[in-house]
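Residues per chain are reported as follows:
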Amino acid sequence: MWRRAASLSSLIFSSSQPLRDQQGAYSLKAWKFFCADSSKGAGYFSKEKNLFITFVLGGPGSGKGTQCAKIVENFGYTHLSAGELLRREIASNSEDGAMLLDTIKEGKIVPSEVTVKLIQKEMESCGNCKFLIDGFPRNEENRIAFEQIIGAEPNNVLFFDCPEEEMIKRVLSRNEGRVDDNIDTIRKRLKVFAASHHPVIEHYSKKGKLYKIDAIGTEDEIFERVRPVFAACEGAQ
Ligand code: C5P
Ligand code: MG
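Residues numbered from 1 in each chain as written. Chains lettered and ligands numbered in written order. Predicted model: local features only at pLDDT ≥ 70, side-chain atom pairs only at ≥ 80, totals over all residues. Heavy atoms only, no water.

- Taking an unreviewed UniProt entry as the reference, the chain is identified by name as UMP-CMP kinase belonging to Rhodamnia argentea.
- Regarding the chain, the UniProt comment filed under Subunit (unreviewed entry) reads as follows: "Monomer."
- Database annotation for the chain, UniProt heading Function (unreviewed entry): "Catalyzes the phosphorylation of pyrimidine nucleoside monophosphates at the expense of ATP. Plays an important role in de novo pyrimidine nucleotide biosynthesis. Has preference for UMP and CMP as phosphate acceptors." (UniProt positions renumbered as here; feature names shortened; annotations may be inferred.)

Structural data, given as structure tokens:
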């Protein structure tokens with residue numbers, strides 16, 4: 001679908017307006033066009049369900065996955081890691097696999113429709129209504145695509161704030177066999193992160209949904225900073 005949309009949109013947008021930025025993300029205008037082309041209509045799924053969504057943001061190695069595991073254990077959420085869904089898609093030999101692998105090796109951001117559709121499939125097939133969506137949205141294009149396709153906004157957004165040198169140290173020591181956990185790709189991922197996360201954080205901060213968490217400390221110390229956010233939500237659901 002994204003390939004079809006890309007070719008349709010290239011008819012509409014002139015070469016003076018590039019479809020993608022330097023990080024490989026589509027321009028917002030291009031993306032709005034893609035979403036307008038969506039056949040199922042925005043929000044067809046979320047309107048039927050009482051969703052409670054938390055986005056979990058932070059750079060590579062900021063501790064998103066580790067803290068998500070603790071949130072799942074303590075508060076019964078379903079954890080969806082966007083990066084993990086993409087890696088599974090590559091491992092399943094899907095037709096987008098080669099493009100996804102190249103994008104991940106370069107530390108760039110995958111076209112939003114691909115990622116959102118993978119998230120949507122998981123959300124639809126899961127009986128739970130409480131979701132932690134980890135590593136998403138990476139940029140404004142991701143954010144808008146989610147709103148348009150899923151038809152929902154997050155209730156809360158966690159942002160794990162971690163210095164770059166600490167993130168590099170953690171990624172290089174985690175040894176998970178990932179193709180992108182090497183120093184060259186980490187530097188590229190950090191560059192993409194620095195260039196694209198601010199507008200997303202700003203957006204949710206303005207909406208009063210952002211919780212900035214100091215990501216330095218032991219796993220348990222950090223979780224004690226996270227816990228109150230979810231404890232407060234228990235009563236609100
Ligand atoms: O979050 P994680 O570090 O697992 O992501 C690994 C890679 O997956 C990213 O560097 C990026 O290439 C890709 N990704 C993406 N869009 C997302 C999440 C991950 O393109 N929303
Ligand atoms: Mg992760």
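Additional details are given in the paragraphs that follow.
### Comments concerning the side chain of Lys 130
Okay, step 1: Its location among the elements puts Lys 130 in strand E3 (residues 130–134).
Okay, step 2: Lys 130 sits in the buried class, given a relative accessible area of 16%. (Helix = DSSP H or I, 4+ residues; strand = E, 2+ residues; numbered from the N terminus. Buried < 20%, exposed > 50% of the residue type's maximum accessible area, 1.4 Å probe, protein only.)

### Thoughts on helix H9 (residues 183–196)
Okay, step 1: In this model, H9 (14 residues) spans 20 Å end to end at C-alpha, consistent with the 20 Å of a helix rising 1.5 Å per residue.
Okay, step 2: Burial in H9 covers these residues: Thr 185, Ile 186, Arg 189, Leu 190, Val 192, Phe 193 and Ser 196. When H9 is viewed along its axis, its buried side chains cluster within an angular range of 165° and face the same direction. The exposed residues of H9 that point more than 90 degrees off its buried face are Asp 184 and Lys 191.
Okay, step 3: Looking at the buried residues of H9, the elements they touch are strand E1 (52–58), helix H5 (97–105), strand E4 (156–161), helix H8 (164–174) and helix H10 (198–206). (Expected span 1.5 Å × (residues − 1). Arc of directions from axis to C-beta. Contact = heavy atoms within 4.5 Å.)

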